[in-house]
Amino acid sequence: WEVTTLLKLNHLSVHYGAIQALKDVNLHVEEGEIVSLIGANGSGKTTTLRTISGLERKSGGEILYQGKDISKTLASEIVKLGISHVPEGRRIFPRMTVFENLEVGAITRKDKENVAKDFQRSFELFPRLLERKNQLAGTLSGGEQQMLAIARGLLARPKLLLLDEPSMGLAPLIVEEIFNIVRDINAAGTTVLLVEQNAHLALKYSNRGYILKNGYIDLEGYSKDLVNNDEVKKAYLGG
Ligand code: ATP
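What you see is a predicted model; the values in this text were computed from it and never measured.

**With respect to the side chain of Ser53**
Within the secondary structure, Ser53 is located in the loop between helix 1 (45–52) and strand 4 (60–65). With residues near it in sequence (within four places) discarded, Ser53 still touches Ala75, Ile78, His85 and Leu162.

Printed below as a string of structure tokens:
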């Protein structure tokens, strides 16, 4: 049984003009893991995901995906390579139905029979979406919109799912429901890189975690160790 590295950020830096949002970030994600990226507002979590998926450009370093540097690859190609990004704030299309939103997720795929199977699988994972498949997405609850955003991301059949703040603005019960589904998605073979401001949740559901502070990696380790780390407890877990 061999562990294979799916994603590796080597000395990654990103600038927005004069502001350096990421500073020499080193991070790796092994196949089959759920890895969390934790940090305060503005620490660079979203920038990390956006740079991996080709929406921002690095100023230094490299992004290795299955051993190949994708830091100059177009976002549209990166999706086809198997990286799917569920953005912060969900970004569903409110005036389209649930079903139409899901169709957008499969837009780059040519294997139409498998797409049909994946629709079915999505509705098994998220039965609420099946009940509401002809409803306009803008009329869904926040939790349901998050489910839709994740389901849409899965329809690209990713090897690596990038999840940006899935808990944002949601009640605790629905958050646990969503994270349990993320765990199921992972158990079925999808690797997950999870950005969360809620460190409790992130460390509960991930194997390993990284803590970003002002654009650099401050701490990293197994999630079970990070929850017991005094610095983490004090700064991120409310003492
Ligand atoms: P949040 O949880 O608030 O989204 P974050 O950890 O995801 O925070 P980023 O959104 O990655 O942080 O932002 C990192 C830094 O880069 C911040 O200082 C932010 O102000 C800056 N930044 C982000 N996007 C841009 C942009 N498009 N132009 C200029 N600066 C930006």
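**Here's the deal with the pairing of strand 7 (residues 160–164)**
Of all five residues making up strand 7, five are buried, and the element is well covered by its neighbours. What you see with strand 7 is no split at all: Leu160, Leu162 and Asp164 on one side and Leu161 and Leu163 on the other are buried throughout. Sheet topology note: the strand 6 (residues 83–86)/strand 7 ladder contains four bridges and is parallel. In the strand pairing of strand 7, Ser84 is matched with Leu161. Pairing analysis gives five bridges linking strand 7 to strand 8 (residues 191–196), with the strands arranged parallel.

**Regarding the sheet that holds strand 3 (residues 34–39)**
The sheet built from six strands is open, its strands ordered 6-7-8-3-9-10 with mixed pairing. Whereas interior strands pair on both sides, the edge strands pair on one side only; in this sheet they are strand 6 and strand 10 (216–222). Along the sheet, successive strands turn relative to each other by an average axial angle of 15°, direction set aside. Where strand 3 lies against strand 8, five bridges are found, and the strand directions are parallel.

**Side note on the site of the ligand**
Around the ligand sit 13 residues in total, of which Asn41, Gly42, Lys45, Thr46 and Thr47 are the nearest. One of the side-chain N or O atoms of Lys45 is found 2.9 Å from an oxygen atom in the ligand. Separating an oxygen atom of the ligand from a backbone N or O atom of Thr46 is a distance of 2.7 Å. Compared with its free state, where it exposes 630 Å², the ligand has 62% of that area covered by protein. At three residues, helix 1 tops the list of elements feeding residues into the shell around the ligand.

**Here we look at the nonpolar core**
Counting residues in hydrophobic clusters, the biggest one holds 44 residues, and the most contacted among them are Leu102, Phe126, Leu129, Leu148, Ile150 and Leu163. Among the elements of the structure, strand 3, helix 3 (98–105), helix 4 (112–125), helix 6 (142–154), strand 7, helix 7 (172–187), strand 8 and helix 8 (199–205) are those that each provide at least two residues to this core. Discounting residues that sit within four places of it in the chain, Ile150 has contacts with Val86, Phe126, Leu163, Ile178, Val182 and Ile185.

**A few points about the layout of surface pockets**
In this structure, the largest pocket spans a volume of roughly 590 Å³. Val79, His85, Val86, Pro87 and Arg152 are the residues nearest the centre of the largest pocket, which is lined by 25 residues in total. At the level of elements, helix 1, helix 2 (75–81), strand 6, helix 3 and helix 6 are the ones that each hand at least two residues to the lining of the largest pocket. Class assignment of the residues belonging to the lining of the largest pocket gives a composition of 12 nonpolar, eight polar and five charged. Approximately 240 Å³ is the volume attributed to the second largest pocket. The element best represented in the lining of the second largest pocket is helix 4, accounting for four residues. Along the lines of polarity and charge, the residues of the lining of the second largest pocket split into five nonpolar, three polar and three charged.

Rules used throughout
- Residues numbered from 1 in each chain as written.
- Predicted model: local features only at pLDDT ≥ 70, side-chain atom pairs only at ≥ 80, totals over all residues.
- Heavy atoms only, no water.
- Helix = DSSP H or I, 4+ residues; strand = E, 2+ residues; numbered from the N terminus.
- Contact = heavy atoms within 4.5 Å.
- Buried < 20%, exposed > 50% of the residue type's maximum accessible area, 1.4 Å probe, protein only.
- Pairing = 2+ DSSP bridges.
- Axes fitted to C-alpha atoms, helices over the stretch in contact; angles between N-to-C directions.
- Near = heavy atom within 4 Å.
- Polar contact = N/O pair within 3.5 Å; in protein donor to acceptor, adjacent residues only side chain to side chain.
- Areas by Shrake-Rupley, 256 points an atom, 1.4 Å probe, with all protein chains shown as cover.
- Core = buried A, V, L, I, M, F, W, Y, C linked by side-chain atoms within 4.5 Å.
- 1 Å grid on protein atoms, 1.4 Å probe; cavity = no way out; pocket = protein on both sides within 12 Å on 5 of 7 lines; lining within 4 Å.
- Points joined across faces, edges and corners; volume = space filled by probe spheres on them.
- Nonpolar A, V, L, I, M, F, W, Y, C, P; charged D, E, K, R; others polar.

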